[in-house]
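# Summary of structural features
The primary structure of each chain is shown beneath.
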Amino acid sequence: MIPSSYIHVYKPSASLAAPPLLLLHGTGGNEHDLLAFGNALSPQSAVLSPRGDVNENGQARFFRRLAEGVFDLNDVVKRTHALADFIEAAVQAYALDAKRLTAVGFSNGANMAACLLLLRPEVLAHAVLFRPMVVLKEPAKPASLVGKRVLISSGERDPIVPADHPERLAELLRAGGANVDVQVHRASHGLAEEDLTLGRGFLSV
Ligand code: MLT
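This report concerns the structure included in the present document. These numbers come from a predicted model, not from an experiment. (Residues numbered from 1 in each chain as written. Predicted model: local features only at pLDDT ≥ 70, side-chain atom pairs only at ≥ 80, totals over all residues. Heavy atoms only, no water.)

## Quick word on helix H4 (residues 165-174)
Restricting attention to buried positions, one finds in H4 the residues His165, Pro166, Leu169, Ala170, Leu172 and Leu173. Projected down its long axis, H4 carries its buried residues within an arc of 160°, all on one side. Here the buried face of H4 lies against helix H3 (108-119), strand E9 (126-130), strand E10 (149-155) and strand E11 (179-185). (Buried < 20%, exposed > 50% of the residue type's maximum accessible area, 1.4 Å probe, protein only. Helix = DSSP H or I, 4+ residues; strand = E, 2+ residues; numbered from the N terminus. Arc of directions from axis to C-beta. Contact = heavy atoms within 4.5 Å.)

## What to know about the site of the ligand
Residues in close proximity to the ligand include Thr27, Arg61, Phe63, Arg65, Glu68, Phe71, Ser107, Asn108, Asn111, Met133, Ile160 and His189, which together make up its full environment. Here Asn108 contributes a side-chain N or O atom positioned 2.8 Å from an oxygen atom of the ligand. Side-chain polar atom of Asn111 to an oxygen atom of the ligand: 2.8 Å apart, as the coordinates give it. Starting from 260 Å² of accessible surface for the ligand in isolation, the protein chains cover 95%. (Near = heavy atom within 4 Å. Polar contact = N/O pair within 3.5 Å; in protein donor to acceptor, adjacent residues only side chain to side chain. Areas by Shrake-Rupley, 256 points an atom, 1.4 Å probe, with all protein chains shown as cover.)

## With respect to the nonpolar core
Ranked by internal contacts, the top residues of the largest apolar core, which has 46 residues, are Leu22, Leu83, Ile87, Leu116, Leu129 and Leu173. Sorting elements by how many residues they give to this core places H3 first, with eight residues. Once you skip the residues sitting within four places of it in the chain, Leu116 turns out to touch Leu22, Leu24, Thr80, Leu83, Ala84, Ile87, Pro121, Val123 and Leu124. Counting 15 residues, the second-largest nonpolar core is a separate cluster that includes Leu34, Phe37, Phe106 and Leu198. (Core = buried A, V, L, I, M, F, W, Y, C linked by side-chain atoms within 4.5 Å.)

## Here we look at unusual backbone geometry
Of note in the backbone geometry, Ala95 takes a positive phi value of approximately 55° without being a glycine. Within the secondary structure, Ala95 is located in the loop between helix H2 (73-93) and strand E8 (102-106). A positive phi angle is found at Ser107, which is not glycine, with a value near 55°. Mapped onto the secondary structure, Ser107 falls in the loop between E8 and H3.

## Considerations on the pattern of salt bridges
Pairing of side chains with opposite charge becomes possible as their charged atoms draw close. Tallying each qualifying case throughout the model produces 13 salt bridges. The salt bridge involving Glu68 is made with Arg65; its shortest N-O contact spans 3.3 Å. Here Arg174 makes a salt bridge to Glu167, at a shortest N to O gap of 2.7 Å. (Salt bridge = Lys/Arg side-chain N within 4 Å of Asp/Glu carboxyl O.)

## Let's talk about the sheet that holds strand E2 (residues 21-24)
The strand order E1-E3-E2-E8-E9-E10-E11 describes an open sheet built from seven strands, whose pairing is mixed. Whereas interior strands pair on both sides, the edge strands pair on one side only; in this sheet they are strand E1 (8-11) and E11. Across the sheet, the mean angle separating the axes of adjacent strands is 10° when strand polarity is ignored. As paired strands, E9 and E10 are joined by four bridges and run parallel to one another. Each bridged residue has a counterpart across the sheet, and for Phe130 the counterpart in E10 is Ser153. (Pairing = 2+ DSSP bridges. Axes fitted to C-alpha atoms, helices over the stretch in contact; angles between N-to-C directions.)

This is the structure in structure tokens:
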């Protein structure tokens, strides 16, 4: 049965050789936001793109925050599990290849993808995180992320993400055995051409 817990877009794959993508938008986005970007990253991939179910003054997000960079951690945990349950149901319903499901998250969506890796590592194979920050401070459980690759793509002029967060997040994920590559390039918080190049390289391996 098609899961209805999250409004979402599903696009079937054009080639099973391409990894299925879970697209997670930033604050104020929706399920359509990253479709063109995902297509540019990996045109043949199946796509599952949910809309965040938190409404912050009319802007959709994946979990509540109290202020910029200050998160409601109870809500983060609750919604991470809810989204993980949705992903598991959607993988079944759409017959997605769970062993290759790769999150592509931007900003709040990247933060949610990192929370999924930390709390429900079984639902993702790999992740590309554009402009993430540290939300959950507990490291991943030992060996919970072995075999998973993570790209963190950060902007050196990002006014939102504190400069030490990309490497701190990488360490939290490495504690679980993830293979994490941190790339800091000449960008601000918004997606830039270099993100496309980095993401394509990551997904083509
Ligand atoms: C955002 O604006 O979405 C923040 O940078 C990240 C977050 O709140 O999760």
